[in-house]
Amino acid sequence: MTDAAHPLTLYNSLTRQAEPFQPVHPGEARVYTCGPTVYNYPHIGNMRAYVFADVLGRALSYKGYKLTHVINITDVGHLTDDADAGEDKMEKMARARAQSIWDVAEHYKQAYWADVQALNIRQPARWTVATDYVPQMIAFAQGIADKHCYELDSGLYFDVSTVADYGRLARARTEEGEGRIEAVEGKRNAADFAIWRKTPLGEKRQMEWDSPWGRGAPGWHLECSVMSGEVLGFPFDIHTGGIDHREIHHPNEIAQNQAHCCTNGLDQPANSGAKVWMHNNFLVERSGKMSKSSGEFLRLQLLIDKGYHPLAYRLMCLQAHYRSELEFSWEGLSAALTRLKRLVMATPPGTGEGGHPQAGGGAPANNPDGKFRPLLDRFDAALSDDLNTPVALTVLEETAALKKVDPADKRRVLAGMDAVLGLNLLNLTRADLRLRPRAAEITEAEIEETLAARKEARAAKDFARSDALRDELAARGVEVMDGDPLGWDWKLG
Ligand code: AMP
Ligand code: ZN
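Residues numbered from 1 in each chain as written. Chains lettered and ligands numbered in written order. Predicted model: local features only at pLDDT ≥ 70, side-chain atom pairs only at ≥ 80, totals over all residues. Heavy atoms only, no water.

Visitor: I keep staring at empty space enclosed by the protein and nothing clicks. Help me out?
Guide: Here the idea is plain: a probe the size of a water molecule rolls over the atoms and shows the empty space left. Evaluation of the coordinates by the stated rule reveals three cavities of 30 Å³ or more. Estimated volume of the largest cavity: approximately 110 Å³. Surrounding the largest cavity, R48, V51, F52, V55, N280, C317, L318, A320, H321, Y322, L387 and T389 form its lining. Every element with two or more residues in the lining of the largest cavity is listed here: α1 (44-62) and α9 (310-318). Tallying contributions element by element places α1 first for the lining of the largest cavity, with four residues. (1 Å grid on protein atoms, 1.4 Å probe; cavity = no way out; pocket = protein on both sides within 12 Å on 5 of 7 lines; lining within 4 Å. Points joined across faces, edges and corners; volume = space filled by probe spheres on them. Helix = DSSP H or I, 4+ residues; strand = E, 2+ residues; numbered from the N terminus.)

Next comes the structure, spelled out in structure tokens:
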């Protein structure tokens, strides 16, 4: 877009303030997002974290930065407790499913990618898979071991007292928070964490590697330090994750990065790896269905099975600022679906061949100061204000509602805005957004056929037959919606 004139400000959890974005490498933006641990299906709360990271990446592209975005896939080393206690999540699930850990990782990686696609999350420049980087992890650990680590029977531990201002990112490092960190005999400080976990004598893990500290596996925190530094180079611009990571995972990454940068003479000891650390707030659900351990939990596929288009969930995420908690409800999702339908219907159709652009963006060339200008400016202002998507969405709607403008121009401006919000407005049709519960027994063809017969009956003034056909549909769960303001002729309930 050409109208990206407001300076981009982003809230940095590390400095606890909104700051103008100043890239490390002029014209570029390098972003690392903590990705999923592929031991189970992601729930829709997890997917909020990736929708947020996607909007950030799209906003940086829209602002003209050359974006390099990396998302990692954790397939080893994440314990059942972030605070470094419990079992390896992957090993535990592999046992429960009586499958190899590699098969488990593959299965859930594919499931995650399906959700990424369904939510129109752009492919990052690189997906890094933790098990591809084990030699680099060992080298990183070796580099900092002498000055910053000590060895116990269970592994190589990072001594958090060896770096300046450990934990400055965390908010909840209260007595209670510290208390959650399980005691390991011999640990020097409660917050010390394993960067290499040794396989206990006499045991064999499915995933283990030789290292200077014996056979074992890397710690989860080490993985992210290594993959982000390897691919993006320290310091890079932005590191993202959910707010839970602000408390343990990211402070531990920062401690390792400080140790690494200090040891390698890269920067002053305060170097945190990334300049800006950004965290999305949680999606909450009162009934507790979100928890992966509760047996049934809210997956994107559940929303799809109930008939909702997945982009209705994306729109629901955009309706809240990423730093606010968002409460999930089915009513809220229905409202988001209706909002999306209205937007799709207000988007002028493309004319295909013949010159009108299908996508792109910016103010129409032949109408630079037209009615679109103030809207484009407000859109940019909202986005530049720490990604204020709720406001950007209302500006998008106002643009869609503009009267007496050239439809091709309007389509092009909407396309430019949607390049950031990612609602796929140019390609979705009304029919795509129809509620379609998977449990429905009637096919769309049958519905359309019956409705056509009903139309004929009404044309012939045979109202008894018309009513009978309507009742027949109602008995099979189809509500006929004559005169619906959105132009829907039926819905499956
Ligand atoms: P995990 O696969 O558990 O490492 O989580 C993947 C991402 O989802 C991380 O960035 C988490 O911080 C984030 N996350 C976990 N639960 C939620 C939630 N309820 N709402 C938003 N983000 C979440
Ligand atoms: Zn991470």
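Visitor: Just checking my understanding: could you explain the site of ligand 1 for this structure?
Guide: The full set close to ligand 1 counts 17 residues, and G45, Y50, G242, D244 and L283 are the nearest of them. In this structure, an oxygen atom belonging to ligand 1 sits 3.0 Å away from a main-chain N or O atom of G242. Within the side chain of N280, an N or O atom sits 3.4 Å from a nitrogen atom of ligand 1. In isolation ligand 1 exposes 490 Å². Once the protein is present, 93% of that is buried. Those elements that provide at least two residues to the shell around ligand 1 are α1 and β12 (236-242). In terms of residue count, the dominant contributor to the shell around ligand 1 is α1 (four residues). A breakdown of the residues in the shell around ligand 1 according to their chemical character gives six nonpolar, 10 polar and one charged. (Near = heavy atom within 4 Å. Polar contact = N/O pair within 3.5 Å; in protein donor to acceptor, adjacent residues only side chain to side chain. Areas by Shrake-Rupley, 256 points an atom, 1.4 Å probe, with all protein chains shown as cover. Nonpolar A, V, L, I, M, F, W, Y, C, P; charged D, E, K, R; others polar.)

Visitor: Just to check I follow, could you spell out the coordination of the zinc ion (ligand 2) for this structure?
Guide: Ideal geometry at a metal centre gives angles of 109.5 degrees when four donors are arranged tetrahedrally and 90 or 180 degrees when six donors are arranged octahedrally. Bound to the zinc ion (ligand 2) on the protein side are C34 (SG), C224 (SG) and H249 (NE2), at distances that span 2.1 Å. Along the chain, the residues that donate to the zinc ion (ligand 2) are spaced as C-x189-C-x24-H. Highlighted residues: C34 in the loop between β3 (28-33) and α1 and C224 in helix α6 (residues 220-232), separated in sequence by 190 residues. The class for C34 is buried, based on a relative accessible area of 6%. (Donors = N, O, S within 2.8 Å, 3.2 Å for Na, K, Ca; no water. Buried < 20%, exposed > 50% of the residue type's maximum accessible area, 1.4 Å probe, protein only.)

Taken by themselves, the reported measurements are silent on function.
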